[in-house]
Amino acid sequence: MKVLALETSAKAVSAAVTEDGKVLASGYQDTGLTHSRTLMPIVEHILKNTDLRVQDCDVIAVAAGPGSFTGIRIGVSAAKGLAFAADKPAVGVSTLAAMARNVAWMDGLVVCAMDARRQQVYNALFQAENGRLTRLTPDRAISLEDLAAEIKADARPKIIVGDGARLCYNDLSERGISCRMAPAHLVMQNAVSVALEAEELAGAGQLLTAQELQPVYLRPAQAQRLRDRV
C-alpha cells in the first residue's frame, strides 16, 4: 500500500510517501512561509523524485487535527482535492496519534502536546511499549494544570512530543514532575508518522471519500467564540 501523507497542523509543513511501512520519500520545511505556498511544491518534488503520480498512490492521508485552524484547513483541503481528482480514498489522521509514533520505541508514557493558547494544550496520552502504542485518553484540549495533576503520580518515564513540547516540559518541570522532551529530530510532528498511522487505519478499513474527509478542531475558532458572545 502506497500512502501520500500531508502534515500542516503547526508552523512546519511536510509531505511523505510510504509503502508498507517503508519511507519512499519525505520533505519537511520550517521557514515561516505559509503552507499555501510551500505544501504543494513539496508534494510535487517528492512525487517527481520517486517517479510517482498521485494516481499511483493507494491512499491520500492528512493530519486532520487538532492544530492550527488555518494549517489544518489548508492540509485537509489539499488532501480532499488530491483524493477527489485521483479518485482515491482518504484517511484523516489524529495529529496527536501521529506524533506519538515518533517515539513508539521509547518505552513510557508519551505526552503529546500542541500549544492551544490560554495555558492549554491539545493533548493525548499513550503508553509506548516494545514499539507499540496504546491510547490512554482521547484527543482533548486540557489546561496545563489539569494535565500535571493527571500524570503527577504516574511512575512511568514521561516523554513529551509535539510543537508544544517545550511549553509542556517547562510547566511540568516547574511543578516538580520528572519528564523529558523527545530528541530534537523526533519532537515535531511530521508527515512520515502521519503516513504510518494512516497505513494502520487503512488496514482496519477506516477509509473515507474525499467528500467525507473533514478537519477536527476540538474547540471553536476564536472568531466563532467572539461571535457567539454577541
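Preceding this paragraph is the structure being described.
All of the points below concern the structure found in this document.

### Some thoughts on unusual backbone geometry
Trans peptide bonds make up most of the peptide bonds, and negative phi angles are found at most residues other than glycine.
For step 1, the next point in the chain: Here the amide bond leading from G65 into P66 is cis, since omega sits at 5°, within 30 degrees of zero.
For step 2, the next point in the chain: With respect to the secondary-structure elements, P66 resides in the loop between strand 4 (59-65) and helix 2 (69-86).
For step 3, the next point in the chain: In the Ramachandran plot, R118 falls in the positive-phi region, its phi being about 55° despite a non-glycine side chain.
For step 4, the next point in the chain: Positionally, R118 belongs in the loop between strand 6 (108-117) and strand 7 (120-129).
For step 5, the next point in the chain: Looking at R118, the relative accessible area reads 52%, which means it is exposed.

### Focus: the pairing of strand 1 (residues 2-7)
It is a general feature of regular strands that their side chains alternate between the two faces of the sheet.
For step 1, the next point in the chain: Along strand 1, six of the six residues are buried, which leaves the element largely enclosed by surrounding structure.
For step 2, the next point in the chain: Sheet topology note: the strand 1/strand 2 (residues 13-19) ladder contains six bridges and is antiparallel. Bridge pairing in strand 2 links L4 to V17.
For step 3, the next point in the chain: Pairing geometry for strand 1 and strand 4, over four bridges, is parallel. Within strand 4, the residue paired with A5 across the bridge is A61.

### Section: the packing of helix 4 (residues 144-151) against helix 5 (residues 165-174)
For step 1, the next point in the chain: Close contact between helix 4 and helix 5 brings their axes to 10 Å; oriented N to C, the two are set at 60°. For the element pair helix 4 / helix 5, the angle class is oblique. Handedness of the crossing formed by helix 4 with helix 5: right-handed. Along the contact surface, helix 4 presents L144, L147, A148 and I151, while helix 5 presents L167, C168, D171 and L172.
For step 2, the next point in the chain: Looking at the contact of helix 4 with helix 5 residue by residue, the classes come out as seven nonpolar, no polar and one charged.

The rules behind each value
- Residues numbered from 1 in each chain as written.
- Predicted model: local features only at pLDDT ≥ 70, side-chain atom pairs only at ≥ 80, totals over all residues.
- Heavy atoms only, no water.
- Helix = DSSP H or I, 4+ residues; strand = E, 2+ residues; numbered from the N terminus.
- Buried < 20%, exposed > 50% of the residue type's maximum accessible area, 1.4 Å probe, protein only.
- Pairing = 2+ DSSP bridges.
- Axes fitted to C-alpha atoms, helices over the stretch in contact; angles between N-to-C directions.
- Parallel < 35°, antiparallel > 145°, perpendicular 65-115°, else oblique.
- Left-handed = near helix turned anticlockwise from the far one by under 90°.
- Contact = heavy atoms within 4.5 Å.
- Nonpolar A, V, L, I, M, F, W, Y, C, P; charged D, E, K, R; others polar.

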